[in-house]
Amino acid sequence: MPILSSSTNPIKNLCIFSSNLWSQASLCSSLRSKPVDSFLHCLSLTRRSSDIPMAIPPKPTSMAATTSGGSVDGEEGIARRFWIKFRRESIFAMYTPFVLCLAAGNLKIESFRHYIAQDVHFLKAFAHAYELAEECADDDDAKVAISELRKGVLDELNLHDSFVREWGSDLAKEVTVNSATVKYTDFLVATASGKVDGVKGAGKIATPFERTKFAAYTLGAMTPCMRLYAFMGKKFQTHVDPAEGNHPSRKWIENYSSESFQASALQTEDLLDKLSVSFTGEELDILEKLYYQAMKLEIEFFCAQPLHQPTVIPLVKEHNPAEDRLLIFSDFDLTCTVVDSSAILAEIAIVTAPKSDQARPESQLTRMSSTELRNTWGLLSGQYTEEYEQCIESIMPSEKVEFNYESLRGALEQLSEFEKRANSRVIESGVLKGLNLEDIKRAGERLVLQDGCTGFFRKIVNSESLNANVHILSYCWCGDLIRSAFSAGSVNALNVHANEFTFAESISTGEITTKVESPIDKLQAFDTILKDYGEDRKNLMVYIGDSVGDLLCLLKADIGIVIGSSSSLRRVGSQFGVSFIPLFDGLVKKQKEYVEGSSSNWKGLSGNLYTVSSWAEIHAFILGW
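Residues numbered from 1 in each chain as written. Predicted model: local features only at pLDDT ≥ 70, side-chain atom pairs only at ≥ 80, totals over all residues. Heavy atoms only, no water.

### Remarks on the overall build of the chain
Put simply, the rule reads: Runs of E in the DSSP output that reach at least two residues are strands. Runs of H or I that reach at least four are helices, and both are numbered from the N terminus. Per-residue accessibility takes into account occlusion by the displayed protein chains alone, with areas from the Shrake-Rupley method and a 1.4 Å probe.
Helix and strand content of the chain: 24 helices and twelve strands. On the chain, roughly 26300 Å² of surface is accessible, and the fraction owed to carbon and sulfur atoms is 49%.

Written out as structure tokens, the structure is:
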């Protein structure tokens, strides 16, 4: 594993990581018998704040914060916090086949007409819920605000009436209401009527305080829909092409991307913040459950809309196990993990190392002291950082060139030689000597993975309807760490291709059995795996990575997905003619081009890579909801 990934230097990372964590680990060590357990406990505490999907934007620090959720004294309101927490659900809604066709502007008119008919019932329930919420609110300003929001819903119904006039028929009367619509409208009206799970005496709204509380609960069940439609409207607006005709869905996009609807969504969130300001923890929990339930029902609502056309998602929709094979390849460090594995291994070495003045049994493997280890890591880090930057600059063309895979491979061969030399220095330094295998496995079990990563792989390997295999290609120094990390999430049926520590009676000797150290090694492993599968089935290859080391595999796979925002990867790739396309935007383009009987035309070596900000996007694209 190279000491430096494309975006961060793991040893430099671990020096910062260690300095932040060391005082906590040392304190815990004085209270516990096993230092490594203390470190792992402290690690789990320090990483909890990072259990946030990468799709979530950073917390606004300016007045812009008020444009997407209420805030008080610079702090995010409850509506904004809920939207961030359940951003995964908004992504799954965006990646439903119906919504993608809507965004592409080529949704068949039969599907659009059916959707409008369902939405009429949906909006009538919304208007009724607002009416009930207005009756419950005990504050005059809140009543006025709710009344204004209800008028906005009536305006939406007027938009739907315009479609009815154009089509010359009232579809709301002609089309049967489907079960997903009924499920959401029943949930909404029940909430507005005071029938909320977890509330004592549900349905009995007596005191003014209880009435106001149920007004807030009602807003909690409606706010996610408003924010989701505002979000989709703005997103879809960027894909509207004036030259592509006047599809009725354009009016829909214009309405939900309009400033007036954006303002209504924000007003709903502000009102939810105000009505829930005095809520107890228990009441906020109920509110959160209502918000989450509404998000799930919204996804089901979109999934239930009938389509009369082929779609490019989910990727496995036409998968035939007898004829097809899905091959998922993924990097590990900072693709699957929150912290680079080399930082974890180095920290274990430091935590378990003897102190400088500590007596050591003669039978014990000779190890550096913790102070010597920290100093050595610092020296290795400084040397690597300087030489890495020099190497990157030396392989970069002076000007951007057209994409040529062989030229890029030639450049990365130079980087590969450098990374192998750097790994040799780490081995020769002896810093990895004396680690206990059980400590490494416990660290793997505690390793925090990116939100949604484990769930995606678990669904892949456990699916009985897919002929799929997962391969992890990693520079990680110790494959046992990777296997433990996934086993902790009950994901065992995947293949790990990484370097391995050598052990003598479960204690590392400091040597590494090197297998995957460089971009060229990864590519060779990728090619070997593919060759081993043969051509008995049609192989569809997806590679997921985040760094320069993944670049060759990303480009050779049928679909290369870049997760995260590595500046080094983008800088090197762009200079060599690689295009980075947001996945959703790429899917909209493919959906516009996709016709019945054609292929979605996924193929490698195109020079195009697709970017995502979270595993939720990968899951939604490949597997769907």
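That was the structure; now back to the text.
### Regarding the sheet that holds strand β8 (residues 507-513)
Put simply, the test is: Strand pairing requires that DSSP identify at least two bridges connecting the strands. Fitting a line to C-alpha atoms yields each axis, with helices limited to the stretch in contact; the angle taken between N-to-C directions then spans 0 to 180 degrees.
The antiparallel open sheet is built from three strands, whose spatial order is β4-β8-β7. Each end of this open sheet is capped by a strand with a single partner; those strands are β4 (433-436) and β7 (500-504). Strand-to-strand twist in this sheet, taken as the mean axis angle between neighbours without regard to direction, amounts to 55°.

### Observations regarding the nonpolar core
Operational definition: Residues belong to a common nonpolar core when they are buried Ala, Val, Leu, Ile, Met, Phe, Trp, Tyr or Cys residues joined through side-chain atoms within 4.5 Å. Exposure categories follow from relative accessible area, calculated using a 1.4 Å probe and restricted to protein chains: below 20% of the type maximum is buried, above 50% is exposed, and the middle band is partly exposed. A contact between two residues is defined here by any heavy atoms of the two lying within 4.5 Å.
Core analysis: the largest hydrophobic core is formed by 152 residues, its most contacted members being F457, F486, F621 and I622. The residues touching F621, leaving out its near neighbours within four places in the chain, are Y95, I313, P314, L315, I559, I561, L583, L587 and W602. Y388, L523, V578 and L609 belong to the second largest nonpolar core, which has 38 residues in total.

### Quick word on the pattern of salt bridges
So the rule is basically this: Only one rule defines a salt bridge in this text: a Lys or Arg side-chain nitrogen within 4 Å of an Asp or Glu carboxyl oxygen.
Under the criterion given, the structure shown has 22 salt bridges. A salt bridge links E318 to K317, with the shortest nitrogen-to-oxygen separation between them at 3.4 Å. Of the residues examined, K317 reaches a relative accessible area of 35% and is grouped as partly exposed. Via salt bridges that share partners, R325, D536 and R537 belong to a single interconnected network.

### Looking at the environment of L551
With respect to the helices, strands and loops of the structure, L551 is situated in helix α21 (residues 551-556). Residue classification places L551 among the buried residues on the basis of a relative accessible area of 0%. Sequence separation between L551 and V578 is 27 residues; the distance between their C-alpha atoms is 9.7 Å. Those residues within four positions of L551 in sequence are excluded, and the remaining contacts are L408, L412, L569, V572, G573 and L609.

### Looking at a negative patch on the surface
We apply this condition: In this analysis, a patch consists of residues with relative accessible area above 30% that form no salt bridge, clustered at 9 Å for like charges and at 5 Å for the nonpolar side chains Val, Leu, Ile, Met, Phe, Trp and Tyr. In this charge count, Lys and Arg are treated as positive and Asp and Glu as negative; neither His nor the chain ends contribute. Lys charges are placed at NZ, Arg charges at CZ, Asp charges at CG and Glu charges at CD.
A cluster of like negative charges, contributed by D138, D139, D140 and D141, occupies part of the molecular surface. With respect to the helices and strands, the residue D141 is situated in helix α7 (residues 140-167). Given a relative accessible area of 60%, D141 falls into the exposed group.

### Some thoughts on the sheet that holds strand β10 (residues 559-563)
The sheet built from seven strands is open, its strands ordered β6-β5-β3-β9-β10-β12-β11 with parallel pairing. Whereas interior strands pair on both sides, the edge strands pair on one side only; in this sheet they are β6 (495-497) and β11 (579-582). Going from strand to strand, the sheet's axes swing by 25° on average, the running direction of each strand aside. On top of the sheet, helix α22 (residues 567-575) reaches β10, β11 and β12 (608-612); it is set at about 125° to β11, its chief contact. Against the sheet, helix α23 (residues 583-593) makes contact with β11 and β12, and its axis sits at roughly 85° relative to β11, the strand it touches most.

### Points about helix α13 (residues 281-303)
Rules: Here the expected length of a helix is defined as 1.5 Å per residue gap, with one fewer gap than residues.
For α13, spanning 23 residues, the distance from its first C-alpha to its last is 33 Å, which sits close to the expected 33 Å at 1.5 Å a residue. Among the residues making up α13, those that are buried are E283, I286, L287, L290, Y291, A294, M295, L297, E298, I299, F301 and F302.

### So, the environment of L271
Position of L271 among the secondary structure elements: in helix α12 (residues 259-275). Each C-alpha atom, one on L271 and one on A79, is 9.1 Å from the other, the two residues being 192 residues apart in sequence. Those residues within four positions of L271 in sequence are excluded, and the remaining contacts are A142, A145, I146, L149 and L219.

### Structural notes on the packing of aromatic side chains
Filter applied, for reference: Aromatic pairs are defined between Phe, Tyr and Trp rings, using the six-membered ring for Trp, whenever the two ring centres lie within 6.5 Å; interplanar angles under 30 degrees are classed as stacked, those over 60 as edge-to-face, and all others as tilted. Two limits define a charge over a ring: the Lys NZ or Arg CZ must be within 6 Å of the ring centre, and within 35 degrees of the ring normal.
By the definition in use, this model includes 41 aromatic pairs. Ring centres of F329 and Y543 lie 6.5 Å apart, and the angle between their planes is 20°; on these two criteria the pair is classed as stacked. Of the two residues, F329 is situated in strand β3 (residues 324-330) and Y543 in strand β9 (residues 538-545); the sequence distance between them amounts to 214 residues. In this structure, F329 and Y543 share a single accessibility class: buried. Relative to Y610, the ring of W602 has its centre 5.6 Å away and its plane inclined at 80°; by these criteria the two rings are edge-to-face. Of the two residues examined, W602 and Y610, each falls in the buried class. Lying across the ring of Y475, K522 places its NZ or CZ 4.7 Å from the centre. Between the NZ or CZ atom of K590 and the centre of the ring of W602, over which it lies, the distance is 4.5 Å.

### Concerning the pairing of β9
Applied cut-off: The crossover handedness rule: strands pointing away from the viewer, path from first strand over the helix to second strand clockwise, crossover right-handed.
For β9, the tally of buried residues reaches six of eight residues, placing the bulk of the element in the interior. Of the strand pairs in this sheet, β3 and β9 are connected by seven bridges, and their pairing is parallel. Each residue of the ladder has a partner; that of D324, found in β9, is K538. By the bridge criterion, four bridges tie β9 to β10 in an arrangement that is parallel. Looking at the pairing, V542 lines up with I559 of β10. At this point the chain moves from β9, through α21, to the parallel β10, and the crossover so formed is right-handed.

### Things to note about the environment of I559
If you trace the backbone, I559 turns up in strand β10. A residue is classified by how much of its surface remains accessible, and I559, at 0% relative accessible area, is buried. Placed 44 residues apart in sequence, I559 and K603 show a C-alpha to C-alpha distance of 6.7 Å. Here I559 is in contact with L315, M541, V542, Y543, W602, Y610 and F621, once residues within four sequence places are set aside.

### Here we look at the packing of helix α16 (residues 405-429) against helix α20 (residues 519-533)
Packed helices, taken two at a time, are described by the angle their axes make and the gap between the axes. Quick note on the threshold: Under the scheme applied, nonpolar residues are Ala, Val, Leu, Ile, Met, Phe, Trp, Tyr, Cys and Pro; charged residues are Asp, Glu, Lys and Arg; polar residues are all the others, including Gly.
The contact between α16 and α20 brings their axes to 7 Å, and the two run at 115°. Of the residues in α20, those in contact with Y405, R409, L412, E413, L415, S416, E419 and K420 of α16 are P519, I520, D521 and L523. Class assignment for the residues of the contact of α16 with α20 results in six nonpolar, one polar and five charged.

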